[in-house]
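The lines below spell out each chain.
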Amino acid sequence: MCTYLNKTGATYYFRRPVPDDLKGHFRTNSGRPRTEWKFSLGTKDRETAKRLLRPHEVKTDALIDEARQAIASVASQEASSVNLDQPGGSHRSDQDARENSPASALSTREQEERSAQVALDDASQERRIARRELRTLWRQRRMTSTAMLEPEQAAAVDLIKERDAEIEELRRAITIMEAGNDALGIPRAARDPAAHSPQPGLSLSALYERFAQSGTANPKTVQKWRSRVTSLIEHLGHDDAIRVERADINAWTGALVASGLSVKTVKDGYLPAVSAAFSIAYEDGAIPTNPAAGIKVRGPKTIRAREREHSDDEAATILRAALGPQPAGLADHHARARRWVPWLRAYTGARVGEMTQLRAMDVQQEGGIWFVLISPEADGGVKTGEARKVPLHPHLIDQGFIDLARSGDPTPLFYAEGTGTALNPASKMRASALAKWVRTLGVETPQPNHGWRHKFKTLCRVAEIQEHIMDKLQGHASPNQGRRYGTVPLGTLREAIAKLPRFEV
């Protein structure tokens, strides 16, 4: 039975009468004697109301206890005064002297400090209860599509704000008392260190490591994102996720943009990393919201002086250089990459790492159709985490690319086996080397490697290839749920590839 649960209309309230011995002790906001406490719990659900009831009960218990202690203290002082008027009261002046002595003042101060600490502990306990209630509500909110819990959240938030204010006031009082104790020469070691020890926080670094170990992201992405979380921690000056607010995240993203990073880089490369860490705490119910979710990165728009794809002349320059002789001292793997990767990218629109990671076994034939298998199991992995088959354009077959195919052979085609690291795989190193080489050819495309993806998309549109087939070929995510059902047959993909005109260089 919930003694203080009251229902008015369809809404539940906390309702508690003021004890008879304390009537007249409490006042309403208008100054009239309070006869009861009554607060709306903001819900029509009884079970939810019972959970929200507890913080109000704890608070009023504390108010009642404090009031009775205050009355008892006054009564004790009055009793002492009466005793001093009895025989023996002639010693009152001696007692006054003792009470005004430093030792007596010290005792009184210690008592005040202990009382304040007890009150602080009580308020902290109430705040912890309120936080638990808020976490419960947020878990419920994720499981319902109604707005019914909104008033309950507001009530819980109000309780937490009340506790925060009380705790802060008491902490200030204790700080003042500490300063007074210092002035009296009381050693800090003689005080109770546990009473003033800070509550442990929730490490943002530890949260990210939990995300990293969950296996939900590509290991290379996890490694790259770790530095982004470190960036936020350095900006904040602490590693406590509970203390982080949306304003902190906004300030951090603003600082990143001010340092020269583009809005897109911060939005796509930094925010997801910290959001992933906060999402762990949010799912645990340790924080009511993810402060990094829905953040809008603000900054100047990127000025593009030209298109992002290779021009026809630039494409021809790269492909012509790929066909030409390579320096005699260039390693075979490197020379092979210059020869084939630009042509592969021109006719597949694949990501550069998806081509530089190809193994001999990834050049395959099925039903008379030659294709390259872009596999997440290869050195560079796949951004989407999904393997896909991309048919080879007839021009690539005519040039002899299929001669590199060797069934079941995991030997990489474009880099030396055993090179590279987990953080910087060999396929990525080869891709960077190709970009530098393209720059030496006088190509000014903003991103020389990525320019082929934009070029391929343009050529597909000119050839009137359907968007969902383009997406399938390039490994782009489908824009709607319906397109994620089923697949596109390999034959259909080959027909689309065959529509692309040959590059004549």
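Below is a summary of the structure that appears in this document.

Moving on to the overall build of the protein. If you tally the helices and strands in the protein, you get 17 helices and six strands. Taking all 505 residues of the protein together, the buried fraction comes to 39%. Nonlocal contacts in the protein, meaning residues at least 24 apart in sequence, comprise 64% of its contacts between residues at least 6 apart. Put simply, the protein shows about 28,000 Å² of open surface, and 51% of that area lies on carbon and sulfur atoms.

With that settled, the discussion passes to the side chain of Thr348. Checked against the element boundaries, Thr348 lands in helix 11 (residues 332-348). Beyond its immediate sequence surroundings of up to four residues, Thr348 is in contact with Met355, Val390, Phe456, Leu473 and Gln474.

This brings us to the pattern of salt bridges. This model, assessed by the stated rule, comprises 18 salt bridges. The salt bridge involving Arg502 is made with Asp398; its shortest N-O contact spans 2.5 Å. With Arg502 in the segment after helix 17 (490-498) and Asp398 in helix 13 (residues 394-399), this residue pair connects regions lying 104 residues apart in the sequence. You can call Asp398 exposed: its relative accessible area is 54%. Three or more residues joined by partner-sharing salt bridges are found here, namely Arg351, Glu354 and Arg388.

This next bit is on the environment of Asp409. Structurally, Asp409 is set in the loop between helix 13 and helix 14 (426-440). When the C-alpha positions of Asp409 and Met361 are compared, they lie 4.9 Å apart, and in sequence the two are 48 residues distant.

In this section: the packing of helix 7 (residues 219-236) against helix 9 (residues 263-284). Where helix 7 meets helix 9, the closest approach of the two axes is 8 Å, and the angle between their N-to-C directions is 80 degrees. By the angle class used here, helix 7 and helix 9 are roughly perpendicular. Mapping the contact onto sequence places Trp225, Arg228, Val229, Ser231 and Leu232 in helix 7 and Gly269, Tyr270, Pro272, Ala273, Val274, Ala276 and Phe278 in helix 9. Taken together, the residues of the contact of helix 7 with helix 9 break down into nine nonpolar, two polar and one charged.

Further remarks concern the sheet that holds strand 3 (residues 36-40). Strand order in the open sheet formed by three strands is 1-2-3, and the pairing between neighbours is antiparallel. Taken across any chain shown, the strands that pair with only one partner, and hence form the sheet edges, are strand 1 (5-8) and strand 3. Strand-to-strand twist in this sheet, taken as the mean axis angle between neighbours without regard to direction, amounts to 35 degrees. Sheet topology places strand 2 (residues 11-17) next to strand 3; five bridges connect them, and they run antiparallel. Pairing of Arg15 across the sheet is with Lys38, part of strand 3.

So, on to the nonpolar core. With 46 residues, the main nonpolar core has Leu344, Phe401, Phe414 and Phe503 as its most contacted residues. Residue contributions to this core peak at seven residues, all from helix 11. Contact partners of Phe414, with chain neighbours within four places excluded, come to His333, Arg336, Ala337, Trp340, Val341, Leu344, Met355, Thr356, Leu358, Phe401 and Arg430. Counting 32 residues, the second-largest nonpolar core is a separate cluster that includes Ile249, Val257, Phe278 and Ala292.

Within the open sheet, the three strands sit side by side as 4-5-6. Their pairing is antiparallel. The sheet is open, and its two borders are formed by strand 4 (363-366) and strand 6 (388-391), each paired with just one other strand. Between one strand and the next, the sheet's axes are offset by a mean angle of 45 degrees, whatever the strand orientation. With four bridges connecting them, strand 5 (residues 369-374) and strand 6 associate as antiparallel partners. Residue pairing across strands places Phe371 opposite Pro391, the latter belonging to strand 6.

Bringing the pairing of strand 2 into the picture now. Alternating positions in strand 2 separate cleanly, Tyr12, Phe14 and Arg16 being buried on one face and Thr11, Tyr13, Arg15 and Pro17 remaining unburied on the opposite face. As paired strands, strand 1 and strand 2 are joined by four bridges and run antiparallel to one another. Bridge pairing links Leu5 to Phe14 in strand 2. Counting the residues between successive antiparallel strands, the hairpin from strand 1 to strand 2 contains two residues, one of them, Gly9, with a positive phi of roughly 70 degrees.

With that settled, consider the environment of Ile64. In this fold, Ile64 is placed in helix 1 (residues 46-84). A relative accessible area of 4% means that Ile64 is categorised as buried.

Our focus in this paragraph is a positive patch on the surface. Taken together, Lys267, Lys296, Arg298 and Lys301 make up a surface patch of like positive charges. Relative to the helices and strands, Lys296 resides in the loop between helix 9 and helix 10 (312-323).

The next point concerns helix 11. Under the 1.5 Å per step criterion, the end-to-end length of helix 11 is 23 Å for 17 residues, consistent within 8% with the ideal 24 Å. Where helix 11 bends most, the angle comes to about 30 degrees, and this point is Trp340, followed within four residues by the proline Pro342. At the exit of helix 11 stands Gly349, carrying a positive phi of roughly 70 degrees.

Inspection of every chain in the model, using the stated rule, returns nine aromatic pairs. Judged by centre distance (6.1 Å) and plane angle (35 degrees), the ring pair of Trp343 and Tyr347 falls under tilted. One end of the pair, Trp343, and the other, Tyr347, are both in helix 11, four residues apart, so they sit about a helical turn from each other. For Trp343, a relative accessible area of 1% translates into the label buried.

Procedures and definitions
- Residues numbered from 1 in each chain as written.
- Predicted model: local features only at pLDDT ≥ 70, side-chain atom pairs only at ≥ 80, totals over all residues.
- Heavy atoms only, no water.
- Helix = DSSP H or I, 4+ residues; strand = E, 2+ residues; numbered from the N terminus.
- Buried < 20%, exposed > 50% of the residue type's maximum accessible area, 1.4 Å probe, protein only.
- Contact = heavy atoms within 4.5 Å.
- Areas by Shrake-Rupley, 256 points an atom, 1.4 Å probe, with all protein chains shown as cover.
- Salt bridge = Lys/Arg side-chain N within 4 Å of Asp/Glu carboxyl O.
- Axes fitted to C-alpha atoms, helices over the stretch in contact; angles between N-to-C directions.
- Parallel < 35°, antiparallel > 145°, perpendicular 65-115°, else oblique.
- Nonpolar A, V, L, I, M, F, W, Y, C, P; charged D, E, K, R; others polar.
- Pairing = 2+ DSSP bridges.
- Core = buried A, V, L, I, M, F, W, Y, C linked by side-chain atoms within 4.5 Å.
- Patch = residues over 30% accessible without salt bridge, like charges linked within 9 Å, V, L, I, M, F, W, Y side chains within 5 Å.
- Lys, Arg positive; Asp, Glu negative; His and termini not counted.
- Charge placed at Lys NZ, Arg CZ, Asp CG, Glu CD.
- Expected span 1.5 Å × (residues − 1).
- Bend = angle between axes of the 7 residues up to and from the residue.
- Phe/Tyr/Trp six-rings, centres within 6.5 Å; stacked < 30°, edge-to-face > 60°.

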